[in-house]
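Residue-level structure breakdown
Chain by chain, the residues run as shown.
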Amino acid sequence: MTRIPFSEMKATIKMAFTLAGMPDDKAEVCARIHAESSRDGVYSHGLNRVERFVEYIGKGWVDVNAEPVLDRDLGALEVYNGNLGPGITNAIFAMNRATEIAAKNGLGLVSLNNTTHWMRGGAFGWQAAEKGFIGICWTNTESCMPAWGGTSSAIGNNPFIMAIPREEGHVVLDMAMSQYSYGKLQVTRLKNQQLPYPGGFDAQGDLTSDPGAIEETRRILPMGYWKGSGFAIMLDLISSLLSGGLTSAAIDKLGKGSCTSCCQIFIAIDPLKINTQEFIDKVLNETIDQLRSSTPVAEGGEINYPGERSLKTRKDNMEHGIPVDDGVWATVRALAGLSC
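Residues numbered from 1 in each chain as written. Predicted model: local features only at pLDDT ≥ 70, side-chain atom pairs only at ≥ 80, totals over all residues. Heavy atoms only, no water.

The backbone phi angle of asparagine 192 is positive, close to 55°, even though this residue is not glycine. Positionally, asparagine 192 belongs in the loop between helix 6 (182-190) and strand 10 (200-201). By relative accessible area, asparagine 192 is classed as exposed at 74%. (Helix = DSSP H or I, 4+ residues; strand = E, 2+ residues; numbered from the N terminus. Buried < 20%, exposed > 50% of the residue type's maximum accessible area, 1.4 Å probe, protein only.)

Before going further, it helps to spend a moment on the environment of isoleucine 238. One can find isoleucine 238 in helix 8 (residues 226-243). Using a relative accessible area of 34% as the deciding quantity, one classes isoleucine 238 as partly exposed. Residues isoleucine 238 and isoleucine 265 lie 27 residues apart in sequence; the distance between their C-alpha atoms is 8.8 Å.

Now for the pairing of strand 3 (residues 77-81). Counting buried positions along strand 3 gives 4 out of 5 residues, so the element sits mostly inside the fold. Summarising the sheet, strand 2 (residues 69-73) and strand 3 pair through 4 bridges and their orientation is antiparallel. Residue pairing for strand 3: aspartate 73 is matched across the bridge by glutamate 78. Remark: 3 residues form the turn of the hairpin made by strand 2 and strand 3, two consecutive strands paired antiparallel; glycine 75 in that turn has positive phi of roughly 85°. As paired elements, strand 3 and strand 4 (residues 107-115) share 5 bridges and run parallel to each other. The residue of strand 4 that forms the bridge with tyrosine 80 is leucine 112. With respect to chirality, the unit in which strand 3 leads through helix 4 (residues 87-105) into the neighbouring parallel strand 4 is right-handed. (Pairing = 2+ DSSP bridges. Right-handed = clockwise from strand over helix to strand, strands pointing away.)

In this structure the tally under the stated criterion is 19 salt bridges. With a closest N to O distance of 2.6 Å, lysine 26 and glutamate 67 form a salt bridge. Taken together, the residues lysine 26 in helix 2 (residues 24-39) and glutamate 67 in the loop between helix 3 (50-59) and strand 2 connect sequence positions 41 residues apart. Given a relative accessible area of 46%, glutamate 67 falls into the partly exposed group. A cluster of three or more residues bridged by salt bridges with shared partners is formed by Lys10, Lys14, Asp24 and Glu28. (Salt bridge = Lys/Arg side-chain N within 4 Å of Asp/Glu carboxyl O.)

The grouping of Ile233, Met234, Leu237, Ile238 and Leu241 at the surface amounts to a nonpolar patch, some 460 Å² of accessible area in total. For methionine 234, the position within the fold is in helix 8. Owing to a relative accessible area of 46%, methionine 234 belongs among the partly exposed residues under this scheme. (Patch = residues over 30% accessible without salt bridge, like charges linked within 9 Å, V, L, I, M, F, W, Y side chains within 5 Å. Areas by Shrake-Rupley, 256 points an atom, 1.4 Å probe, with all protein chains shown as cover.)

Right, dumping it as structure tokens:
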């Protein structure tokens, strides 16, 4: 397995984005988020997404020069048009604005319409937590998952993120509405591995742990079966209603690819407006202590709080380099104008 230093990965991705036409400042930010995603173990939305993002720029689905513009100011709620700008920079702006509103009012909500793929949604939960805020955010997507009881795609995967700041390590939940995202299927397939639990249906309609079989049918399994399906539908509707943007059904009709003209919601809450730091620490620590004291399924196993594995992976990858698929790394180097 090849491991690449974080600095080298970030610099290479930035070169690829710059050659694709991104301004230097936006290329820097987007490269950092992609590299940080791989650093934290979310390989599917880090290095592995670079080629696809460059493709979207080439097709004109992302306006690399666009900035979000205020549509409506309702005090604690602001609505912005993302103008099809880079999803990462739009999302960073929106979460930052939500924290600014929350710093004043205790709670801030910013919605984005007409934006593009934000890549790793968890990045913006970490962003809020780093600033000391509870963060909640989600996006709708094009239809890429069957509703429960169906066989064809009708609902979005609609990732949902919650984050709580904690000095010893933020608590961050970053999840898609499917048991596994398509990116996770790709990463697992590239490793010639099976999923640890069934993640979708094969051509015969049977649940399977074979990522390639699920990619072929595109019948990924909603998390919690009908519950995940219903959750995805509600996230889609609320994101559209709060932003005045497109639903998954309307994104499908637009037909321009992954998350083009999607809607996103960013909520920030200042916990110190409600509680003392002592109370916050008590709540977090007693919960984490109870998790650690529970009996693991396997002898010697451990129970992790949301986000803890990402922190462990981050530490390991910063010390030893970020593991990459050699084919993916060669492609990104080529996009950066580097010889293989």
